[in-house]
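Residue-level listing of the chains:
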Amino acid sequence: MSWFIGVDVGGTFTDFHCLNELTGEAFVHKAPSTPDNPARAIVNGVEAVAERLKIDYAQLRRLAHGTTVATNALIQRRGGKVALVTTKGFRDLLEIGRQIRPHMYSLQEDHPEPLVPRHWRFEVAERMTAQGTAETPLDEKDLSKTAEAIKAAKVDAVAVGFLFSFLNPEHERKAAEALAKALPGVHISRSSEVQPEFREYERFSTTVLNAYLQPVLARYLADLGDQVGKLSDKIQIGINQSSGGLMSIGRSHRFPVRTALSGPAAGAVGAIHVAKLSDRPNVVTLDMGGTSADVALIRDYATDTAHDRQVGGFPVRLPMIDINTIGAGGGSIAWFAPDGLLKVGPTSAGAVPGPACYGLGGREAAVTDANLVLGRLSQRGLLDGKVALDEAASRKALQPIADRLGFSVERTAHGILAIVVANMVRAIRTVSVERGHDPRGYALMPFGGAGPLHATDVARSLGMKEILVPPAPGILCAQGLVVSDLKEDFVRTRRTPVTAAEAPAMTKVIAELSAEADRWLDAEGVPSGDRVATLTLDMRYVGQNFELPVKLPSAALPDAKQLARLFAAVHELSYGYANLDAPIEVINFRLTAGARRPEAKAPAASKAPAAAPTPVGRRPVYFRWEAADDTPVYRRDALLPGHRLQGPAVIEQLDATTLLYPGDSLVVDAAGSLLVEVQP
Amino acid sequence: MTDPITLEIIHNGLRSITDESFIALMKSAYSTNIKERRDHSCAVIDLHGRLIAQAENSLPIHLASMWGLMTAVLAKVKVSDMNEGDIFVANDPHVAGGTHLPDLNMAMPVFVDGKVMAFVCNIAHHADMGGMAPGSMAGGMREIYQEGLRIPVVRLFRKGEIVQDIFDLLLLNVRVPDERKGDYFAQVASCRLGERRLKEMAQRYGSDVLTTAFEEIVARTRQRMERAIGSIPPGTYRFADRMDDDGLGMVDIPIVVELTVGNGRIRADFTGSAPEVDGNINLKINGAGATVAYAIKALLDPDVPNNQGVLDVIDVSAPEGTVVNCAPPAATAARAHVCQRIVDCVIGALAPAIPTLAVAAANGANTTAVLSGIDPATRQRYVYLETLGGGFGGRATKDGKDGVQVHITNTSNLPVEAIEMEYPLRVESYGLIEDSGGAGTFRGGLGLRRVVKPVGHEAVFSGTGERFRFAPWGLFGGKDGKPGRFQRREPDGSLTLLDNKPAEVTLTPDQAVVMETPGAGGYGDPAKRGADAIERDATSGKFSSDYLRQAYPKG
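Residues numbered from 1 in each chain as written. Chains lettered and ligands numbered in written order. Predicted model: local features only at pLDDT ≥ 70, side-chain atom pairs only at ≥ 80, totals over all residues.

Counting its secondary structure elements, chain A contains 16 helices and 33 strands. Relative to a compact globule of 680 residues, whose C-alpha radius of gyration would be 26 Å, chain A shows 26 Å and is just as compact. Oriented by its inertia axes, the alpha-carbon framework of chain A measures out at about 80 × 60 × 55 Å. Within chain A, buried positions represent 51% of all 680 residues. For chain A, contacts bridging at least 24 residues in sequence account for 66% of all contacts bridging at least 6. (Helix = DSSP H or I, 4+ residues; strand = E, 2+ residues; numbered from the N terminus. Rg over C-alpha atoms; globule rule 2.2 N^0.38 Å. Buried ≥ 20, exposed ≤ 12 C-beta atoms within 10 Å, placed from the backbone. Contact = placed C-beta atoms within 7 Å.)

Take the overall build of chain B next. For chain B, the count of helices and strands is 13 helices and 20 strands. Its C-alpha atoms give chain B a radius of gyration of 24 Å, within 12% of the compact-globule value 24 Å for 555 residues. Here chain B, with 555 residues, has 62% of them falling under the buried criterion. Restricting the contact set of chain B to residue pairs at least 6 apart, pairs at least 24 apart contribute 74%.

Residue and element names in this part refer to chain B. Structurally, chain B comprises domain 1 (4-220) and domain 2 (359-555). When each unit is reduced to the centre of its C-alpha atoms, the spacing between domain 1 and domain 2 is 36 Å. Tallying the contact residues gives five residues for domain 1 and five residues for domain 2. Tallied by class, residues from the side of domain 1 that touches domain 2 come to two nonpolar, two polar and one charged. (Domains from an automatic or database assignment. Nonpolar A, V, L, I, M, F, W, Y, C, P; charged D, E, K, R; others polar.)

Residue and element names in this part refer to chain A. In the contact formed by helix H1 (residues 38-53) and helix H7 (residues 200-231), the axes pass within 10 Å of each other and the chain directions differ by 15°. Taken together, the axes of H1 and H7 are roughly parallel relative to one another. For the pair H1 and H7, the crossing hand works out as right-handed. Seen from H1, the contacting residues are Ala-39, Ile-42, Val-43 and Val-46; seen from H7, they are Tyr-220, Asp-223, Leu-224, Gln-227, Val-228 and Leu-231. Considering only residue class, the contact of H1 with H7 consists of eight nonpolar, one polar and one charged. (Axes fitted to C-alpha atoms, helices over the stretch in contact; angles between N-to-C directions. Parallel < 35°, antiparallel > 145°, perpendicular 65-115°, else oblique. Left-handed = near helix turned anticlockwise from the far one by under 90°.)

Residue and element names in this part refer to chain A. For chain A, the assigned domains are domain 1 (78-213) and domain 2 (487-595). Taking the mean C-alpha position of each, domain 1 and domain 2 sit 28 Å from one another. Listed per partner, the contact involves five residues of domain 1 and five residues of domain 2. Across the side of domain 1 that touches domain 2, the residue classes break down as four nonpolar, no polar and one charged.

Turning next to the environment of A:Ile5. Residues and elements named next belong to chain A. By the secondary structure assignment, Ile-5 is in strand E1 (residues 3-9). Between the C-alpha atoms of Ile-5 and Phe-16, which are 11 residues apart in sequence, the distance is 6.7 Å. Excluding residues that lie within four positions of it along the chain, Ile-5 makes contacts with Phe-16, Cys-18, Val-46, Val-49, Leu-60 and Leu-63.

So, on to the interface of chain B and chain A. Chain B puts 55 residues into the contact, and the matching count from chain A is 52 residues. Among the elements of the structure, helix H1 (4-28), helix H6 (177-205), helix H7 (207-230), helix H8 (285-300), helix H11 (416-422), strand E14 (425-432) and helix H12 (531-540) of chain B are those that each provide at least two residues to the side of chain B that touches chain A. Ranked by residues supplied to the side of chain B that touches chain A, first place goes to H1(B) with 15 residues. Tallied by class, the residues present in the side of chain B that touches chain A amount to 19 nonpolar, 20 polar and 16 charged.

All names here are of chain A. Taken in spatial order, the four strands of this open sheet run E6-E5-E9-E10, and their pairing is parallel. Here the strands that pair on one side only, and so sit at the sheet edges, are strand E6 (121-124) and strand E10 (187-190). Averaged over all neighbouring strand pairs, the angle between strand axes comes to 20°, with direction disregarded. (Pairing = 2+ DSSP bridges.)

By size, the foremost hydrophobic cluster in this structure holds 348 residues, and its most contacted members are A:Val82, A:Val158, A:Val208, A:Met424, A:Leu444 and B:Val346. Counting residues per element, this core draws most heavily on helix H12 (residues 409-435) of chain A, which supplies 15 residues. If we skip the residues at most four places from it in the chain, A:Met424 touches A:Leu286, A:Ala293, A:Ile326, A:Ala328 and A:Val458. A:Leu521, A:Leu563, A:Val586 and A:Leu591 belong to the second-largest nonpolar core, a separate cluster that totals 17 residues. (Core = buried A, V, L, I, M, F, W, Y, C linked by C-beta atoms within 7 Å.)

Residues and elements named next belong to chain A. Examined bridge by bridge, strand E16 (residues 305-311) and strand E17 (residues 314-321) share six bridges and lie antiparallel to one another. Following the sheet pairing, Gln-310 is matched in E17 by Pro-315. The antiparallel hairpin formed by E16 and E17 contains two residues in its connecting segment, where Gly-312 sits at a positive phi of about 60°.

The subject of this paragraph is the sheet that holds strand E2 (residues 13-20) of chain A. All names here are of chain A. The six strands lie next to each other as E3-E2-E1-E4-E11-E12, forming an open sheet whose pairing is mixed. Either end of the sheet is taken by a strand with one partner, and the two such strands are strand E3 (26-32) and strand E12 (246-248). Looking at each pair of strands side by side, their axes are set apart by 25° on average, direction ignored. Relative to E2, E1 runs antiparallel, the two sharing seven bridges.

Turning our eyes to something else, we now look at the packing of H12(A) against helix H13 (residues 451-462) of chain A. Residue and element names in this part refer to chain A. Relative orientation of the contacting elements H12 and H13 amounts to 55°, with a least axis distance of 9 Å. With respect to H13, the axis of H12 lies oblique. Taken as a pair, H12 and H13 cross one another with a handedness that is right-handed. On the side of H12, the interface is formed by Leu-417, Val-421, Met-424, Val-425 and Ile-428, while H13 contributes His-454, Asp-457, Val-458, Ser-461 and Leu-462.

This paragraph deals with unusual backbone geometry. Residue A:Pro346 is bonded to the preceding A:Gly345 through a cis peptide linkage, with omega at 0°. By the element assignment, A:Pro346 lies in strand E20 (residues 342-348). A cis amide bond links A:Gly647 to the next residue, A:Pro648, at an omega of 5°. Mapped onto the elements, A:Pro648 comes out in the loop between strand E29 (644-646) and strand E30 (649-653). Positioned with a positive phi, B:Phe476 is a non-glycine residue whose angle comes to about 50°. Structurally, the position occupied by B:Phe476 is in the loop between strand E16 (459-464) and strand E17 (485-489).

This is the structure we're talking about:
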């Protein structure tokens, strides 16, 4: 017997999803988070789970962990003190960035100050050219003077970023080695290792963030490793990266920035897993929690990869699952704009004080309050009554808004939900148009605590006909972690024209990448039979400034004509046109390597369902604002594969509530997911 | 009356339509200007030509063209003569509401129940619109005829069918017609997406509800602006500033504004501004209006929605034939420079009335650098173009930002690695200019210095600088920022000062061009600058100890 555990640490709860590798048996657990030391909740939870399942720690094979330690350190500016060593003439580059303002019309808003103050940004004489040749040698004297100055500054970490180091890392490597020697105990990050890619500002910014996070992550991971190690030295710990794969603790030490968006990435991986079990290759995910909603597009069971994101106000260039976040959650607050229009979010009441109904001092009406007064959420509260909800408090918070509108509280609450839905619809439309897809051909998969409450309205507004509610919508991220693979991305920037003559040069770059990937797979102990690799080329028409990723059908390089055709197809999808005759070039070669996992298989359909499920109660629910429908309430665990329900109905489970509108119907599929058919 | 909830949802839906149209246009266009610099806009306009919703990332100056275009369309074609599937195009500033020729404007009527309910419009800056020089943006021309093809309001599509004769004429007059064709069709696709989505919306709500909502959205925005303007003490406020030159020998070009504030409205009168100039910095009056609207919105309420309600509270006037209200055939390609100065004037005029919202003069320019030559490796001609940021003005509670695009422009720089991979050029350094921000309680931002030289060949440098003579002014006792300049570094290391708008300066591989953009003015008495702030200026090395001793004697 061997178990995999996925642990997703959130602001309020730490979620556990345990999977028996052999039997497919699954178990979920939720425990309060311990923000002062997240490792404690993890270890306590693992102990609780082992006790519940009556298993020995030695049977725990892998602990896959999605962590917000890096994200929080960044948002709260609790990272280390960092120095930057860069090419002579360019120490201000990190501060200038792209020379743009965050808001076109604001005279007051600025991008945040760089994480390295100017007097800790040191210049060293050296220069590589665009051909990767050293035009000016690395000045060792400059370097040793710099090392002295950095020593005096007593920083925790140093970032090294030189121009064109993605083509020739020689100077950066030498500098990093010399600095490591001169500065024992100081973390060193160099840009040619963190993300050896074209465009210096984004590369340096990513490297500086990495250095900034190193001291914090190093402390946390050491602690986690120690504590888990005490339970059993057999447990392999995998840390989730923003690209949706796992990395070892060792690599996480070196590249903490890769964990900066690991939470939402796990959700997308979990969603793909659920989509496979239910045979739904094209899905729009809607992960709605307390403060925000994450939207991702899954096509043919795969998400797109994005490379540029802002994290804590700084650009990060790394492979990441393409997810869009909007300020719409259960805690989003309703307010009047100066023009008298009612708005909802992006300000959130958070977990504390939370919506008014939490009774923790929140006075403003939030989305959860609206759901409560409409009977959509149970007055018994969340998490099976562990978090009590006070409907009177919700009404009190909604009343002033209702008075100003001249509406009943119910109509006001209904309006608040309509607005939050409109905000999500707008985001999904934007994401779809941007990616060249029409959401009507997709199923909507809501998850997170609040997703299934709002899914029908969102689907109907977008003309989507089907909703797929996973078995455990509230802990899909933890489930995604369990099914995550070991994964690592390797990249080389080599600007190469796509011509027959360049094929050998391209093959050589790919061979280099493969060798690098093999070294990593060896180090991680992945048997050769389990290894998988995909090759992606970032290509563009000569003269364009931005590239499009083109995933190759196999790890072998197709000929130039075939490459041109593949690129044209992607260009067509993204931009609506393609030109087969225009010259093309490759900018980046990317290899994603990992360990193969057994394909997801749906649990064997259990016996045909017995009699129709019986409701555990009834309550009035306002699907419309005008009047409530008397609505049966079902327990989710009473809904078995094959069961059908006709709306109206409310389905409640530990961590989520699903609404079935009058006129809509649902069927429970073999995997235990609810398939809701939405009437247009 | 539409209730505030339905209105918010309709408004949200309209913005969603304009945003989607904006993305669709960006995705399918060919021009770098559209694809990567996002020099385009999309809008929904009502039956009377009023702007109802504009895409979030639209540029301020495009507000003028949307408004101008629709005024021109409605003046020329009766709504009853329009057909479903018609698409109008235009670009001319003098007869068709444009602001400069590369901005190609399109409008399409949206029919519901057999009647025009609204229009969808878009604007896109094409990489070329014909004329004497590639790009249709170069200086040195005195008439709009030289700058490019002038298009009055014409139908490009009639009842859904392309008017091929017109299209052939348009394409024959531009360079790389295949690419421009792609840009035209990107705009057409964007119109049609907007049309489809607006019709879907009308189906859901009914066109009566929508047209009522249009009225209310504009009315609410107007009331919001009126209230915001109400925070300015009523009165008359004046300010005068000067442009350096027009690039063709005219210097000291005054821009003068008198603002009359009262009853929730602002009247901006530019009488006293210079007559129109030979160079290409002339502006049409609708451009001046949009620029004043930008300044008022930025000062008072940056989050107010971009619709007619913002424009409606502002009246703009200027004698015809001036640099802010030019007459045909004045050249207009570089009108953005005058826009930047108008922003400074409006802020300068209102500063005494709203001191906490005002900011000192920013770098006030759209500093442009162009290097071109023959790449020795490929024997191909290359043209490298860039606009550089500079200092942002000191503010009531904080220093001005260093090295950033200001006011009506917000375009990215090109990475050093991109420049060197793409062109036979070497960027020697790129950084902030020490001591270039004006002293103040809150100092002005620093300008940018970029040093570039050709590699292995002779290159030609042209540029457009402003505030190279008239420094960005300080406010309330704050000191002026340092002006910008272009210099050539000679083989012996000495520096030769170039013109403010140099044309075709030769650079050999042992020479380099040193571009320095203006800093910005400081805000408030330098004597009140906090000791910690002065300390920070010293520690960061952004200011020399000499400068600090002189600027803050007691500090």
